[in-house]
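An overview of the molecular structure
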Amino acid sequence: MSINEVKQLVIEAGRLAQRLAEDFTLETKSDSSFVTNADRAVESYLREHLAQLLPEAGFFGEEEGFTNRHARLLWAIDPIDGTSNFVFGIPLWGVSVALIEDESIRLGVIFLPVLNEVYWAEKGAGAYLNDQPIRAVDSEEFTSEDVICYASDAVDADLLRIMPGRPRCFGSAVVKLAWTAAGRVRGALSLGRLYDLAAGLLICHEAGCQTRYLSGEEWYLKHLTGGAALREPILTAPPRTMQAIFRLLHKV
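Residues numbered from 1 in each chain as written. Predicted model: local features only at pLDDT ≥ 70, side-chain atom pairs only at ≥ 80, totals over all residues. Heavy atoms only, no water.

**Quick look at unusual backbone geometry**
The line we're drawing: Only DSSP runs of H or I covering at least 4 residues are called helices, and only runs of E covering at least 2 are called strands; the numbering of each starts at the N terminus. Each residue gets one of three labels from its accessible area relative to the maximum for its type: buried under 20%, exposed over 50%, partly exposed in between, using a 1.4 Å probe on protein chains only.
Its identity is not glycine, yet E103 carries a phi of approximately 65 degrees, on the positive side. Residue position: E103 is located in the loop between β6 (94-101) and β7 (104-112). Non-glycine residue D131 carries a positive phi angle of around 75 degrees. Considering the arrangement of structural elements, one finds D131 in the loop between β9 (127-129) and β10 (132-134). Here D131 falls in the partly exposed class, since its relative accessible area comes to 47%.

Okay, structure coming up:
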């Protein structure tokens, strides 16, 4: 199995979602979030074809949950991250796939179909956008126009008031993390589960970022591999940017 094979599958899954966007059915989950037939079709497509690439691996997907959850290799799949954006025709949504091996993220691929952007990384080999290397922007200095992106359920008004630059919520974890890796935003505040975050975190880390809890405590992948959602926001940013944010928060 190669990263190129995984990239191709994720691209095909994204194109499937685009076709289904022309005429989809919409439901509301028990947590009041949206799900569409496109979410389910894309996850089924990815499970079927990734199983052919790596038959021994298990799965953890947003729509179908765990399959063989104790396997040494585990695919984490978010078929459409940003379903609300997808439903309302906002182009900020994407397909995310990561491979977990022994408490480590081995590879990650994010495809933003409407923008035609493929982000990917393998552990220890750097991060890429459409096959061009990317690097997060690191500096202790902030301008008034620098963007810190956040999940809507990860912050409160007091935190937004003291954060440097301009806060933004894109409605998609994969967009937020991919753009942090590409240097479009300075950092990302996240909550979520393994399938929401794994690919994006690897891409960010390979682009020069770190991840810590907003409290400053260490974050570990094992906090997600059991399937539970994070209970405390994590900050993903390059080292000097992260230090500057934590100094500001500590001062306040």
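Next, the rest of the story.
**What about the sheet that holds strand β3 (residues 58-61)?**
Stated precisely, the cut-off is as follows: Between any two strands, at least two bridges found by DSSP are needed for them to pair. Only the stretch in contact is used when fitting a helix axis, every axis being a line fitted to C-alpha atoms; angles between N-to-C directions are given from 0 to 180 degrees. By definition in these notes, contact holds between two residues if any of their heavy atoms fall within 4.5 Å.
The eight strands lie next to each other as β4-β3-β5-β6-β7-β8-β9-β10, forming an open sheet whose pairing is mixed. Looking at which strands have only one partner, the edges of the open sheet turn out to be β4 (65-67) and β10. For this sheet the average axis-to-axis angle between neighbouring strands, irrespective of direction, equals 20 degrees. Pairing of β9 with β10, which is carried by three bridges, proceeds in the antiparallel orientation. Across the sheet, the residue bridging to Y128 is P133, located in β10. Sheet strands touched by helix α1 (residues 3-20): β5 (73-81), β6, β7 and β8 (117-122). Its angle to β7, the strand with the most contacts, is close to 35 degrees. The strands touched by helix α5 (residues 173-181) within the sheet are β5, β6, β7, β8 and β10, with β7 carrying the most contacts at an inclination of about 105 degrees.

**Looking at the packing of aromatic side chains**
Centre-to-centre distance and the angle between the planes together describe a pair of aromatic rings. For clarity, the threshold we go by: Working definition: rings of Phe, Tyr and Trp (its six-membered ring) pair if their centres are within 6.5 Å, and the pair is stacked with planes under 30 degrees apart, edge-to-face with planes over 60 apart, and tilted otherwise. Geometrically, a charge over a ring is one whose NZ (Lys) or CZ (Arg) sits within 6 Å of the ring centre while staying within 35 degrees of the ring normal.
This structure, assessed with the given rule, holds five aromatic pairs. Relative to W93, the ring of F86 lies with its centre 5.0 Å away and its plane at 90 degrees, an arrangement referred to as edge-to-face. By relative accessible area, W93 is classed as buried at 4%. These aromatic residues form a ring-pair network of at least three members: F60, F66 and Y195. When the ring centre of Y220 is taken as origin, the NZ or CZ atom of K222, which lies over that ring, is 5.5 Å away.

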